[in-house]
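Chain by chain, the residues:
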Amino acid sequence: MREIIRSNDPILLGFAQVLLRDAGLEAVLMDQNMSILEGSIGILQRRLMVASHDFTQARRVLIDSDLGQWMSADEHG
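Read on for an overview of the structure.

Basis of the calculations
- In every chain, residue numbers begin from 1 and rise along the written sequence.
- With the structure being a predicted model, the display of local features is reserved for residues of pLDDT at least 70 and the display and counting of side-chain atom pairs for 80 or more, all residues being used for whole-chain, interface and lining totals.
- Heavy atoms from the whole structure form the basis of all side-chain values; hydrogens and water molecules are not counted.
- The way it works is that DSSP assigns letters per residue, a run of H or I at least four long becomes a helix, a run of E at least two long becomes a strand, and they are numbered from the N terminus.
- Burial here depends on accessible area, computed with a 1.4 Å probe over protein chains only, as a share of the maximum for the residue type. Under 20% is buried, over 50% is exposed, and the range in between is partly exposed.
- Contact definition: two residues touch when any of their heavy atoms are within 4.5 Å.
- Each accessible area is a Shrake-Rupley result for a 1.4 Å probe, and residues are judged covered by the shown protein chains and nothing else.
- In what follows, salt bridge is the name for a side-chain nitrogen of Lys or Arg lying within 4 Å of a carboxyl oxygen of Asp or Glu.
- We call Phe, Tyr and Trp rings a pair once their centres come within 6.5 Å, taking the six-membered ring for Trp, and we label the pair stacked below 30 degrees between planes, edge-to-face above 60, and tilted otherwise.
- As a reminder, the over-ring test applies to NZ of lysine and CZ of arginine, requiring each to be within 6 Å of the ring centre and within 35 degrees of the ring normal.
- Strands pair, by our definition, only if DSSP identifies at least two bridges between them.
- The definition of a nonpolar core used throughout is a set of buried Ala, Val, Leu, Ile, Met, Phe, Trp, Tyr and Cys residues joined through side-chain atoms within 4.5 Å.
- Patch definition: residues with relative accessible area over 30% and no salt bridge; like charges joined within 9 Å; nonpolar side chains (Val, Leu, Ile, Met, Phe, Trp, Tyr) joined within 5 Å.

Regarding the overall build of the chain
Phase 1: If you tally the helices and strands in the chain, you get three helices and three strands.
Phase 2: Reading the secondary structure of the chain in the N-to-C direction produces β-α-β-α-β-α.
Phase 3: Out of the 77 residues belonging to the chain, those deemed buried represent 38%.
Phase 4: Of the contacts made within the chain by residues no fewer than 6 positions apart, 64% connect residues no fewer than 24 positions apart.
Phase 5: In the form shown here, the chain has an accessible surface area of approximately 4,700 Å², with 53% of it arising from carbon and sulfur atoms.

A closer look at the pattern of salt bridges
Phase 1: Counted by the stated rule, this structure contains three salt bridges.
Phase 2: The salt bridge involving glutamate 3 is made with arginine 6; its shortest N-O contact spans 2.6 Å.
Phase 3: Judged by relative accessible area, which is 11%, glutamate 3 ranks as buried.
Phase 4: Residue aspartate 64 pairs with arginine 60 through a salt bridge whose shortest N-O separation is 3.2 Å. Of the two residues, aspartate 64 and arginine 60 are both situated in helix α3 (residues 55-64); the distance of four residues between them amounts to about one turn of the helix.
Phase 5: Aspartate 64 gets classed as exposed once you look at its relative accessible area, which sits at 58%.

Looking at the packing of aromatic side chains
Phase 1: Within the structure shown, the criterion is met by zero aromatic pairs.
Phase 2: When the ring centre of phenylalanine 55 is taken as origin, the NZ or CZ atom of arginine 2, which lies over that ring, is 3.8 Å away.

With respect to the pairing of strand β3 (residues 46-50)
Phase 1: Extensive coverage of β3 is indicated by the burial of four of its five residues.
Phase 2: The pairing of strand β1 (residues 2-7) with β3 spans five bridges and is antiparallel. Bridged to glutamate 3 within β3 is methionine 49.
Phase 3: Where strand β2 (residues 27-30) meets β3, four bridges bridge the pair, whose relative direction is antiparallel. Across the sheet, the residue bridging to valine 28 is methionine 49, located in β3.

Digging into the nonpolar core
Phase 1: Counting residues in hydrophobic clusters, the biggest one holds 18 residues, and the most contacted among them are Ile4, Ile5, Leu20, Leu48, Val50 and Leu62.
Phase 2: At the level of elements, β1, α1 (10-22), β2, β3 and α3 are the ones that each hand at least two residues to this core.
Phase 3: It is α1 that provides the largest number of residues to this core, a total of five residues.

Some remarks on a nonpolar patch on the surface
Phase 1: A grouping of Met34, Ile43 and Leu44 is seen on the molecular surface, where their side chains present a nonpolar patch of about 280 Å² in accessible area.
Phase 2: For methionine 34, the location among the structural elements is in helix α2 (residues 32-37).
Phase 3: The class of methionine 34 is partly exposed, set by a relative accessible area of 42%.

Remember that the coordinates give geometry; whether it matters functionally is a separate question.
This is the structure:
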């Protein structure tokens, strides 16, 4: 799996996850439980992950939806 977005914004993560699901791609939210352990104060970021073979398509979906600026910095290339 590859990270596509890392954020502590639950609205952004949920929206991106729905966009990817509507495009037929599975996106998994990681580190949710860590956020709960730290008291849900938003310090720890959560990661939205997609399968490696879906990464290019997922990246295109997010860019086309004007969410490219939120993609993980190391995944822009």
